Amino acid sequence: AIQAQSLEIMKKAINLAVQLDVRVIQLAGYDVYYEPSTPQTRADFAKNLAKCVHMAARQGVILGFETMETPFLNTVTKAMHWVNRMASPYLQVYPDIGNLTNAAVQYESDVYQDLLAGAGHLAAVHLKETTPGVFREVPFGTGHVDFTTLAPLARKMGVGMFVGECWY
């Protein structure tokens, strides 16, 4: 029942996007939020994602995965797994560079290389400040996100739309 309700909400969101001439819907990259991720939640996610991508394609609306704070989808590389699996121009990546920076610290990886992993598939970039392990309510300039390198890199990669998330 919950999955059917979620699919109905997505259908309404896509229809609203068409009515408002919105080209990209940002999707939170969670399989589940209030419960642990399991093989079943990931299987359900894959099945329902395919349905959502099909709905979006019929209306010409792009779905863009926001990289989140959970291990399920906290890097561009992980988002690209789903983009490649769905193989549709209507599913792209909408990375949150604050969340990417925290994932890079957690995994001891390179945030720049992770952003580059989405080349040709970045619908927009979400600009948000973070500190290690802290994902919300971090004012710009008080965290560790390298905006002066990451934003120009995204621009060089063809990104034309940036959205700032500001906390007060």
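Up top is the structure these notes are about.
As the structure is a prediction and not an experimental result, all values here were calculated from the model. (Residues numbered from 1 in each chain as written. Predicted model: local features only at pLDDT ≥ 70, side-chain atom pairs only at ≥ 80, totals over all residues. Heavy atoms only, no water.)

(A) Expanded view of the sheet that holds strand β3 (residues 91-94). Overall, parallel pairing links the three strands, which are arranged β1-β2-β3 in an open sheet. Two strands in the sheet have a free side with no partner beyond their single neighbour: β1 (24-28) and β3. Each strand axis lies, on average, 35° off the axis of its neighbour in the sheet, ignoring direction. Sheet topology places strand β2 (residues 62-66) next to β3; four bridges connect them, and they run parallel. Counted as the bridge partner of E66 is Y94 from β3. (Pairing = 2+ DSSP bridges. Helix = DSSP H or I, 4+ residues; strand = E, 2+ residues; numbered from the N terminus. Axes fitted to C-alpha atoms, helices over the stretch in contact; angles between N-to-C directions.)

(B) Main features of unusual backbone geometry. Even without a glycine there, the phi angle at A87 is positive, about 50°. On the secondary structure map, A87 appears in the loop between α3 (76-86) and β3. Phi at E108 takes a positive value of approximately 55°, unusual for a residue other than glycine. Tracing the backbone through its elements, the reader meets E108 in the loop between α4 (97-107) and α5 (111-116). Note on E108: relative accessible area 74%, which makes it exposed. (Buried < 20%, exposed > 50% of the residue type's maximum accessible area, 1.4 Å probe, protein only.)

(C) Region of the structure containing the pattern of salt bridges. The full count for this structure, using the stated rule, is three salt bridges. The salt bridge partner of R23 is D21, with a shortest N-O separation of 3.8 Å. In this structure R23 comes out as exposed when scored by relative accessible area, which is 59%. Residues K128 and D96 are paired through a salt bridge, measuring 3.2 Å at the closest nitrogen-oxygen approach. (Salt bridge = Lys/Arg side-chain N within 4 Å of Asp/Glu carboxyl O.)

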